[in-house]
Amino acid sequence: MSVLDNWEQWKDFLGSRLNQAENEGMSQSVVSDVAYQVGEYLSQQVDPKNEQERVLAELWKVADEQEQHAIANMMVKLVENEG
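Residues numbered from 1 in each chain as written. Predicted model: local features only at pLDDT ≥ 70, side-chain atom pairs only at ≥ 80, totals over all residues. Heavy atoms only, no water.

(A) Structural context of helix α1 (residues 7-23). Helix length check: α1 (17 residues) gives 24 Å between terminal C-alpha atoms against 24 Å at 1.5 Å per residue, within 8%. Looking only at α1, the buried set comprises Trp7, Trp10, Lys11, Leu14, Gly15, Leu18 and Ala21. Angularly, the buried residues of α1 cover 135 degrees about the axis, an arc narrow enough to put them on a single face. In α1, those exposed residues whose orientation departs by more than 90 degrees from the buried face are Asp12 and Asn23. Looking at the packing, one finds that the buried side of α1 touches α2 (28-45), α3 (51-62) and α4 (65-82). Of the residues that open α1, the one with a side-chain oxygen 2.9 Å from the backbone nitrogen of Glu8 is Asn6. In the segment just after α1, Gly25 is the residue with positive phi, at about 90 degrees. (Helix = DSSP H or I, 4+ residues; strand = E, 2+ residues; numbered from the N terminus. Expected span 1.5 Å × (residues − 1). Buried < 20%, exposed > 50% of the residue type's maximum accessible area, 1.4 Å probe, protein only. Arc of directions from axis to C-beta. Contact = heavy atoms within 4.5 Å. Polar contact = N/O pair within 3.5 Å; in protein donor to acceptor, adjacent residues only side chain to side chain.)

(B) Main features of the packing of α2 against α4. Packing of α2 against α4 brings their axes to within 8 Å, and their N-to-C directions diverge by 110 degrees. Our classification of the angle between α2 and α4 gives roughly perpendicular. Two packed elements cross with a definite hand, and for α2 against α4 that hand is right-handed. Across from Gln28, Val31, Ser32, Asp33, Ala35, Tyr36 and Glu40 in α2, the residues of α4 making contact are Glu65, Gln68, His69, Ala72, Asn73, Val76 and Glu80. The residue inventory of the contact of α2 with α4, partitioned by class, reads five nonpolar, five polar and four charged. (Axes fitted to C-alpha atoms, helices over the stretch in contact; angles between N-to-C directions. Parallel < 35°, antiparallel > 145°, perpendicular 65-115°, else oblique. Left-handed = near helix turned anticlockwise from the far one by under 90°. Nonpolar A, V, L, I, M, F, W, Y, C, P; charged D, E, K, R; others polar.)

(C) Structural detail: the pattern of salt bridges. Under the counting rule described, the total for this entry stands at two salt bridges. The shortest N-O distance in the salt bridge between Lys11 and Glu8 comes to 3.3 Å. With Lys11 and Glu8 both in helix α1, this residue pair falls three residues apart, about one helical turn. A salt bridge links Lys61 to Glu58, with the nearest nitrogen and oxygen atoms 3.3 Å apart. Of this pair, Lys61 and Glu58 both sit in helix α3, three residues apart, which is roughly one turn of that helix. In this structure Glu58 comes out as partly exposed when scored by relative accessible area, which is 45%. (Salt bridge = Lys/Arg side-chain N within 4 Å of Asp/Glu carboxyl O.)

(D) Structural view of the layout of surface pockets. If you add up the space inside the largest pocket, you get close to 690 Å³. For the largest pocket, the lining is made up of 28 residues, of which Trp10, Leu14, Val38, Gly39 and Leu42 are closest to its centre. Listing elements by their share of the lining of the largest pocket, those giving two or more residues are α1, α2, α3 and α4. It is α2 that contributes the most residues to the lining of the largest pocket, seven residues altogether. (1 Å grid on protein atoms, 1.4 Å probe; cavity = no way out; pocket = protein on both sides within 12 Å on 5 of 7 lines; lining within 4 Å. Points joined across faces, edges and corners; volume = space filled by probe spheres on them.)

Take a look at the structure:
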């Protein structure tokens, strides 16, 4: 089963990678840029596997680049606040 199949597993996976990046000294700016790049990759290459991912994919699709950065930053905050 892929981490993309389950929303909670996906958030746990993101949180784990975020903690790893922060522990290795990655700045918030770099984390933000990487989150945007991951969002862009997922929107172009991966079919949403659950309802939450479908909502994010639809929002990403209609957002301009600045709004996409905001979505990526909100995902970072979401997993930070749960970790």
